[in-house]
Amino acid sequence: GEQWEAEYIYRGDQFNLVAGGAYYEIERDKQRFQWVTLNGALLVPPGVLTLSDTTVDIEQPRAYMYGNIEMVDGLTWTVGASYDDYEEADYSNDSWNPKLGVRWRAREDIELRAAAFKVLKPALVSNRTIEPTQVAGFNQLFDDANGTESWRYGVGAECQLNKDMSLDMEATWRDIESPVLFGDSCLKDDYAEELHRVGFNWTLSERIAVTAAAVYDRFESEWGVRATSGNPIPKEVETMSFPLGVSYTAPSGLFGTLSATYVDQDVERIATSPLQGDDDFVLVDVAVGFRMPKRYGLVSVGVKNLFDEEFNYQDDSFRAFGAEDPYRSPYVPERTIFGSLSLNF
């Protein structure tokens, strides 16, 4: 793959501009094996009946422009757009993508945010780009399939309650249309996502801090192409989580953390699926460490799932399309001991 990008940045007193362009070209060789069974037994050892090789090319030139305008003190508008000309095999999509966001510093201790924007997922070669990845603090890019069109809407607020307490809130919605290629034809799947979060931070003293949050995550599929494939996705996944953590830091550099997370999840699948439908559980994690003097580094050791809790949990691997790296779930149903060492020279 090749990825070329260039960008122009202008910064003024009340107006900032970011304008750029990119070109992506990817060549992918796909091999497809067909496994054949009879009454559960493979017919042809090692089970491969046919093998097909196909080459899929992706080309995508794109351009974008973002303007940040401070009309009055504390009120900043983000207005922009991007244009994509996406081609993959016989599938093409010319897309104009508007961007609109606003930040308002209502008071010195309160900031309000809102945004609405459209994105066509670029065919990034290495999951990196110099284009702004946020609009008014809301993420634009997700691990969607290349060429996916999506709209995202969001509102948020950050409040400094006093010198020791802060509160942040964010509610977002996404409407997603994802292409699924079958040879020379292309079908599209429709999904909807919601992600709402409230977080609280409290500095009890110079050494002790408390964090708490409530998170609601919902995924819903129209049950299109991928629902009837060999690896069907769930119809609906609804997850609520409530993490609570306490951290302690000593002047000597020693520190420790203790956290507990309650998770409640409901999953709707096809009627023939043997997988779980719902579960709820509590996980406890602990860690201790030492910060070296003069910021030379940090060493720590910890335990995730301290009490070795067993549970059923549907992670986000079914909606993560980056096949290069394995997806790592935030929760693991067995006790895990880990250590880390970070050095700065």
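Heads up: these notes are all about the structure in this document. Being a predicted model, the structure only gives us computed values, none of them experimental.

Quick look at the pairing of strand β18 (residues 297-304)
Moving on, step 1. Relative to β18, strand β17 (residues 278-291) runs antiparallel, the two sharing six bridges. For Phe 290, the partnering residue across the bridge sits in β18 and is Val 299.
Moving on, step 2. Hairpin geometry of β17 and β18 is characterised by an intervening segment of five residues between the two adjacent antiparallel strands and by a positive phi of about 55° at Lys 294.
Moving on, step 3. Pairing of β18 with strand β19 (residues 336-343), which is carried by eight bridges, proceeds in the antiparallel orientation. Considered in β19, the bridge of Val 303 is made with Ile 337.

Some thoughts on the pattern of salt bridges
Opposite charge on two side chains permits them to pair, given that their charged atoms come into close proximity.
Moving on, step 1. Under the definition given, this model contains 19 salt bridges.
Moving on, step 2. Among the ionic pairs, Glu 158 bridges to Arg 113, the shortest N-O distance being 3.1 Å. A residue pair is termed long-range when its members are at least 10 positions apart, and Glu 158 in strand β11 (residues 149-160) and Arg 113 in strand β8 (residues 110-120) qualify at 45 residues.
Moving on, step 3. The partly exposed category is assigned to Glu 158, whose relative accessible area is 26%.
Moving on, step 4. Between Glu 236 and Arg 218 there is a salt bridge, and its shortest N-O distance comes to 2.9 Å. Residue Glu 236 is found in strand β15 (residues 236-249), and its partner Arg 218 is found in strand β14 (residues 208-221); the two are separated by 18 residues along the sequence.

Here is what the cut-offs are and how they apply
- Residues numbered from 1 in each chain as written.
- Predicted model: local features only at pLDDT ≥ 70, side-chain atom pairs only at ≥ 80, totals over all residues.
- Heavy atoms only, no water.
- Pairing = 2+ DSSP bridges.
- Helix = DSSP H or I, 4+ residues; strand = E, 2+ residues; numbered from the N terminus.
- Salt bridge = Lys/Arg side-chain N within 4 Å of Asp/Glu carboxyl O.
- Buried < 20%, exposed > 50% of the residue type's maximum accessible area, 1.4 Å probe, protein only.

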